[in-house]
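Here is what each chain is made of, one letter per residue.
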Amino acid sequence: MLDFDLLKDCYGCGACVNVCPRGAVHMTQGADGSYIPEIDEARCIGCGRCDRVCIHQHADKNHTPLGKEGCYAAYQLDTQARKASASGGMFFPLAQEMLRQGGYVCGCVWNEQMDAEHIVSNKLEDIERMRSSKYVQSDIGNCLATVRGLLKAGTPVMFCGTPCQCAACAAVTGNPENLLLVALICEGAPTAGVWQRYRDAKAARYGEKIRNVNFRSKTPVGWTMPYFVLTTESGKRHQEMSYRQNPYVLAMLQGLTYRQSCYHCEFKGDNGSADIVVGDLWKAGERLIQQSENQGISALIVNTQKGKDWVDKAASAWFMEEYPLERVCANNSMLVRAGKENAHRAQFFSQLDATPIETNLNQYIVHENGIKLRVTQALVAVGLYKPLRNVVRKLRRR
């Protein structure tokens, strides 16, 4: 009956929703805008299936040694396809290979309302929508039940999501051999309620509906300095530096807006279910950045033989070389530890409805030095940032 503090310990993974035989469990939003299950007591028959698949109550069942089958620096060879991805483009070749094998892919897309949701598809156009980061927790819906049905019919499926979502998929399906689990290195998931308020505030400011958001655009600079790009219904683009300027992204990076379970995540390091883990290879070094044309480099961490087999099948689509797992963990520490809760989180959420969202975000985040930011913006605007950066890098190599 999910008898624990749902707002504090639930991951919003949707496993309980996907196994209930009576449809008695559905997701709602808690006070902080995070997805939590709500049980219709009139429909519940007390079968206990929700408890048996609950990833919080059975977190100790997850143990997959990180990098047992290899760790690599990698990127997709197709530059244009890589440019459309958040980092090195590892997801897309794996998904394409799954389609070639007659399988389906379950991944996160933006829906018509610009909410993040998981879908299951074997169509290339849907797989393309699954690329690039969505910095908000997605709604799993009934996807896990759909995946389970496909697997039982003998159809291979690739599931891509956060480590907790991969654990939920494994719990609901039993993790059979025809399921490939691909986890993203996850810093934490901002709640859906925060994103929806921010999205709506932007739509009101621009006077039209939001049609697309890219949190990690590699234009105009590249992977090492991504841009937040918001496109409205008329096609107008509004952009700012993602990691240095955008308040929504800064609040995420500073641990202000995650759901509570992210701060004590039980699925870090070896405590996951994924066959493959992918994410940014931060501090990759000048050689790899130049070689990849600053269009993205990934850490490709292979945990299981199943994962290795799929990596081998897609190997012709990417460049990869062995890379020390210890360096990946050191430079992208969210692979092995939970995010730190911002000291102002409680105050922020207490004002979620009382204070305009952008004002609320800005009063609790640390902003970059204004002069340095304006100089960078000016150099980017006149096209001098990349040439000057390349000169500085050459001087450093001397």
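Residues numbered from 1 in each chain as written. Predicted model: local features only at pLDDT ≥ 70, side-chain atom pairs only at ≥ 80, totals over all residues. Heavy atoms only, no water.

A word on the packing of aromatic side chains
To describe a pair of aromatic rings, you give the distance between the ring centres and the angle between the ring planes.
Piece 1. One pass over the structure, following the stated rule, counts 16 aromatic pairs.
Piece 2. Between the aromatic rings of Tyr 198 and Phe 228, the centroid separation amounts to 6.4 Å while the plane-to-plane angle is 70 degrees, which identifies the pairing as edge-to-face. Highlighted residues: Tyr 198 in helix α9 (residues 192-206) and Phe 228 in strand β9 (residues 225-232), separated in sequence by 30 residues. Each member of the pair, Tyr 198 together with Phe 228, is buried.
Piece 3. Taken together, the aromatic side chains of Trp 110, Tyr 135, Trp 195, Tyr 198, Phe 215, Phe 228 and Tyr 248 make up a single cluster linked through ring pairs.
Piece 4. A cation over an aromatic ring shows up here: Arg 131 above the ring of Phe 92, its NZ or CZ 4.2 Å from the ring centre.
Piece 5. One Lys or Arg, Lys 313, reaches over the ring of Trp 310 and ends 3.9 Å from the middle of that ring. (Phe/Tyr/Trp six-rings, centres within 6.5 Å; stacked < 30°, edge-to-face > 60°. Helix = DSSP H or I, 4+ residues; strand = E, 2+ residues; numbered from the N terminus. Buried < 20%, exposed > 50% of the residue type's maximum accessible area, 1.4 Å probe, protein only. Lys NZ or Arg CZ within 6 Å of the ring centre and 35° of its normal.)

Notes on the side chain of Gln 137
Piece 1. Inspection of the secondary structure assignment puts Gln 137 in the loop between α6 (124-129) and α7 (143-152).
Piece 2. A distance of 3.5 Å separates the side chain of Gln 137 from the backbone oxygen of Gly 12, its partner in a polar contact.
Piece 3. Looking at Gln 137, its side chain comes within polar contact range of the side chain of Arg 259, at 2.8 Å.
Piece 4. Sequence-distant contacts of Gln 137, defined by excluding residues within four places in its chain, comprise Tyr 11, Gly 12, Tyr 35, Ala 116, Ala 189, Pro 190, Ala 192 and Arg 259. (Polar contact = N/O pair within 3.5 Å; in protein donor to acceptor, adjacent residues only side chain to side chain. Contact = heavy atoms within 4.5 Å.)

Examining α7
An α-helical turn contains 3.6 residues, so a residue and the one three or four places further along point in the same direction.
Piece 1. If you check which residues of α7 are buried, you get Cys 143, Leu 144, Val 147, Leu 150 and Leu 151. Along the axis of α7, the buried residues cluster in a sector spanning 120 degrees; they form a single face.
Piece 2. Looking at the buried side of α7, the elements it contacts are α2 (15-19), β4 (104-110), β5 (116-121), β6 (157-161), α8 (163-173) and β7 (179-184).
Piece 3. Where α7 ends, the next residue or the one after it, Gly 154, has phi of about 90 degrees, a positive value. (Arc of directions from axis to C-beta.)

Thoughts on the pattern of salt bridges
Piece 1. Under the criterion given, the structure shown has 16 salt bridges.
Piece 2. We note a salt bridge from Glu 112 to Arg 211, for which the minimum N-O separation is 3.0 Å. Of this pair, Glu 112 sits in the loop between β4 and β5 while Arg 211 sits in strand β8 (residues 210-222), placing them 99 residues apart in sequence.
Piece 3. The class for Arg 211 is partly exposed, based on a relative accessible area of 33%.
Piece 4. Two residues, Arg 244 and Glu 368, come together in a salt bridge whose shortest N-O distance is 2.5 Å. With Arg 244 in the loop between β10 (237-241) and α10 (247-253) and Glu 368 in the loop between α15 (357-362) and α16 (370-381), this pair connects stretches of sequence that are 124 residues apart.
Piece 5. The network of salt bridges with common partners includes Glu 112, Arg 211 and Glu 233. (Salt bridge = Lys/Arg side-chain N within 4 Å of Asp/Glu carboxyl O.)

With respect to the sheet that holds β10
To summarise the sheet geometry, strands pair through backbone hydrogen bonds and adopt either a parallel or an antiparallel arrangement.
Piece 1. One open sheet holds the 3 strands; their spatial order is β8-β9-β10, and the pairing between them is antiparallel. Each having just a single partner strand, β8 and β10 make up the two edges of the open sheet. Averaged over neighbouring strand pairs, the angle between their axes works out to 25 degrees when direction is ignored.
Piece 2. Where α9 meets the sheet, it contacts β8, β9 and β10, and its direction lies at approximately 90 degrees from that of β8. (Pairing = 2+ DSSP bridges. Axes fitted to C-alpha atoms, helices over the stretch in contact; angles between N-to-C directions.)

Describing the nonpolar core
Piece 1. Core analysis: the biggest nonpolar cluster contains 46 residues, and Phe 159, Leu 281 and Leu 335 have the highest contact counts within it.
Piece 2. It is α8 that contributes the most residues to this core, 7 residues altogether.
Piece 3. With near-sequence residues (within four places) excluded, Leu 281 lies in contact with Ala 73, Trp 223, Leu 288, Ile 297, Ser 298, Ala 299, Tyr 323 and Val 328.
Piece 4. Core analysis: the second largest hydrophobic core is formed by 34 residues, Cys 108, Ala 251, Phe 349 and Ile 357 among them. (Core = buried A, V, L, I, M, F, W, Y, C linked by side-chain atoms within 4.5 Å.)

Concerning the sheet that holds β6
Piece 1. With respect to topology, 8 strands assemble into an open sheet ordered β5-β4-β6-β7-β11-β12-β3-β13, the strand pairing being mixed. Among the strands making up the open sheet, the edge pair consists of β5 and β13 (318-322). Strand after strand, the sheet turns through a mean of 25 degrees between neighbouring axes, direction not considered.
Piece 2. Note that β7 and strand β11 (residues 276-280) share 3 bridges and pair parallel. In the sheet register, Ala 183 faces β11, and the bridge partner there is Val 277.
Piece 3. Relative to the sheet, helix α5 (residues 91-100) contacts β3 (71-76), β4, β5, β6, β7, β11 and β13, its axis offset from that of β6 by approximately 160 degrees.

A word on the environment of Thr 304
Piece 1. Along the chain, the position of Thr 304 falls in the loop between β12 (298-302) and α12 (305-313).
Piece 2. With relative accessibility at 18%, the residue Thr 304 sits in the buried group.
Piece 3. Remark: the alpha-carbon pair of Thr 304 and Lys 68, spanning 236 residues in sequence, is separated by 6.7 Å.
Piece 4. Excluding anything up to four places from it in sequence, Thr 304 contacts Thr 64, Glu 69, Ala 274 and Asp 275.

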